[in-house]
Amino acid sequence: MNALHDTARQLVATGKGLLAMDESTPTCDRRFAAAGIPQTVEMRRAYRELIVTTPGLNEAISGAILYDETIHQCSKDGTPFVTTLTDAGIIPGIKVDAGAKDLAGHPGEKITEGLDGLRDRLAAYARVGARFAKWRAVIAVDSTLPSRGCIDANVHALARYAALCQEAGLVPIVEPEVLMDGGHSMERCREVTEEVLHRLFEQLYVQGVALEGIILKPNMVLPGLACPQQESVEGVAKATTLCLLRAVPACVPGIAFLSGGQSGELASARLNAMNSDTGATAARLPWTLTFSFARAIQQPALEIWKGRDSNVPAAQHALRHRAMCNRAALRGEYAAAMESE
């Protein structure tokens, strides 16, 4: 168990966060199509090579979450991506859930699948070098959703996944995402997020999960995208930290926020407010607050690259820049002026 604790602490090392590069093949292909990039195995491999070989990425990134296709891929010179990351001091991880499917008897709600055969898959991923894993549950919000059935089904699955990860020697990234879609208020998001987290930690306890060996990956407390009242950066920071203080045990080593569709700049600004004097409770938070972003770090690089080898250096520069902006946010030093540097 000490090894799990050590890995969890390394993942939330001061000044670093996680890079989520675990898009499924359909999701990655949709983003490629929008950018005019051919949707082929080789183009996905080339894009991921661009990411893992970015110079200086390890200054801001402690761990990278990979997809099944990615963890078995190599650079053009034959070096496995897992080796490239490890040699750079970046811990390789793996997404292990099988995606969110319709929850029977609960219209409009989802359950994440993938527990069948998970023990064997985790052992196989550990053999190729993964040291942590990720499982995402999605919780839709409106005036009546989520239902108790949806919350309980998803947090139970998250807890069983986490127990299997720790059995296999992998740190579980536990991701209960309360979605931004909809017109709900920030207060409604806080109410749902707090309930989900309370039920999650109850199930983690029931399943015997050691909280010192997990990383929580929650949403920030935000109004829905269609809500007419969009809160200030400082308001989001205060609501989020207070919610977490009410629901997350102090022994959890770190909380790595998902971006959930926020722009890179806004995600950085909100994270910065939680780690600076403008965050009302920043001085007394018991866990490290960091990031586990995907599009909020990668999108500018993808738009620059466009599938062309000649654009790789500029795309890598943009990727590192976004990662370093988030590193600054962990220190409460991010400023909008950094975006023009």
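Use the structure listed above.
All of these numbers come straight from a predicted model, not from anything done at the bench.

**Brief notes about the packing of aromatic side chains**
Any pair of aromatic rings gets described here by the distance separating the centres and the angle formed by the planes.
Okay, step 1: Overall, the coordinates contain five aromatic pairs when judged by the stated rule.
Okay, step 2: Taking the centre distance of 5.5 Å and the plane angle of 35 degrees together, the rings of F291 and F293 count as tilted.
Okay, step 3: Judged by relative accessible area, F291 falls into the buried class, the value being 0%.
Okay, step 4: An aromatic cluster is built from F32, Y47 and W305, whose rings are joined through pairwise contacts.

**Concerning empty space enclosed by the protein**
Okay, step 1: Per the stated rule, a full pass over the model turns up two cavities of 30 Å³ or more.
Okay, step 2: Taken as a whole, the largest cavity spans an internal volume of roughly 60 Å³.
Okay, step 3: As for the largest cavity, its lining consists of E23, C28, R31, F32, Y47, R295, Q298, Q299 and L302.
Okay, step 4: Residues of the lining of the largest cavity, tallied by class, amount to four nonpolar, two polar and three charged.
Okay, step 5: Of the volumes computed, that of the second largest cavity is approximately 30 Å³.
Okay, step 6: What lines the second largest cavity is V178, L179, M180, H184, C189, N219, M220 and L222.
Okay, step 7: Taken together, the residues of the lining of the second largest cavity sort by class into six nonpolar, two polar and no charged.

**Considering the nonpolar core**
Okay, step 1: Counting residues in hydrophobic clusters, the biggest one holds 113 residues, and the most contacted among them are Y161, F201 and W305.
Okay, step 2: A total of 10 residues in this core trace back to one element, the largest contributor, which is helix α7 (residues 148-167).
Okay, step 3: Those residues in contact with F201 that sit more than four places away from it in its chain are L211, I214, L216, A247, V248, P249 and V252.

**Topic: the packing of helix α2 (residues 25-34) against helix α3 (residues 41-52)**
Okay, step 1: Running from amino to carboxyl end, α2 crosses α3 at an angle of 85 degrees, the nearest separation of the two axes being 11 Å. Taken together, the axes of α2 and α3 lie roughly perpendicular to each other. Contacts from T25, C28, D29 and F32 in α2 reach M43, R44, Y47 and R48 in α3.

**Some remarks on the pattern of salt bridges**
Okay, step 1: A complete count under the given rule lists 24 salt bridges for this structure.
Okay, step 2: Through salt bridges with shared partners, a single ionic network connects D22, K134, R136, E175, E177 and K217.

**Some details on helix α11 (residues 295-305)**
Okay, step 1: Regarding α11, the residues found buried are A296, I297, Q298, A301, L302 and W305.
Okay, step 2: Following α11 by one or two positions, K306 adopts a phi angle in the positive range, close to 55 degrees.

**Observations regarding the pairing of strand β2 (residues 61-66)**
Consecutive side chains of a regular strand alternate in pointing toward one face of the sheet and then the other.
Okay, step 1: Burial analysis of β2 places six of its six residues in the buried class, which makes it a mostly covered element.
Okay, step 2: Where strand β1 (residues 17-20) and β2 come together, four bridges link them in parallel fashion. For L18, the partnering residue across the bridge sits in β2 and is G63.
Okay, step 3: Relative to strand β3 (residues 91-95), β2 runs parallel, the two being bridged by four bridges. Following the sheet pairing, L66 is matched in β3 by I94.

Here is what the cut-offs are and how they apply
- Residues numbered from 1 in each chain as written.
- Predicted model: local features only at pLDDT ≥ 70, side-chain atom pairs only at ≥ 80, totals over all residues.
- Heavy atoms only, no water.
- Phe/Tyr/Trp six-rings, centres within 6.5 Å; stacked < 30°, edge-to-face > 60°.
- Buried < 20%, exposed > 50% of the residue type's maximum accessible area, 1.4 Å probe, protein only.
- 1 Å grid on protein atoms, 1.4 Å probe; cavity = no way out; pocket = protein on both sides within 12 Å on 5 of 7 lines; lining within 4 Å.
- Points joined across faces, edges and corners; volume = space filled by probe spheres on them.
- Nonpolar A, V, L, I, M, F, W, Y, C, P; charged D, E, K, R; others polar.
- Core = buried A, V, L, I, M, F, W, Y, C linked by side-chain atoms within 4.5 Å.
- Helix = DSSP H or I, 4+ residues; strand = E, 2+ residues; numbered from the N terminus.
- Contact = heavy atoms within 4.5 Å.
- Axes fitted to C-alpha atoms, helices over the stretch in contact; angles between N-to-C directions.
- Parallel < 35°, antiparallel > 145°, perpendicular 65-115°, else oblique.
- Salt bridge = Lys/Arg side-chain N within 4 Å of Asp/Glu carboxyl O.
- Pairing = 2+ DSSP bridges.

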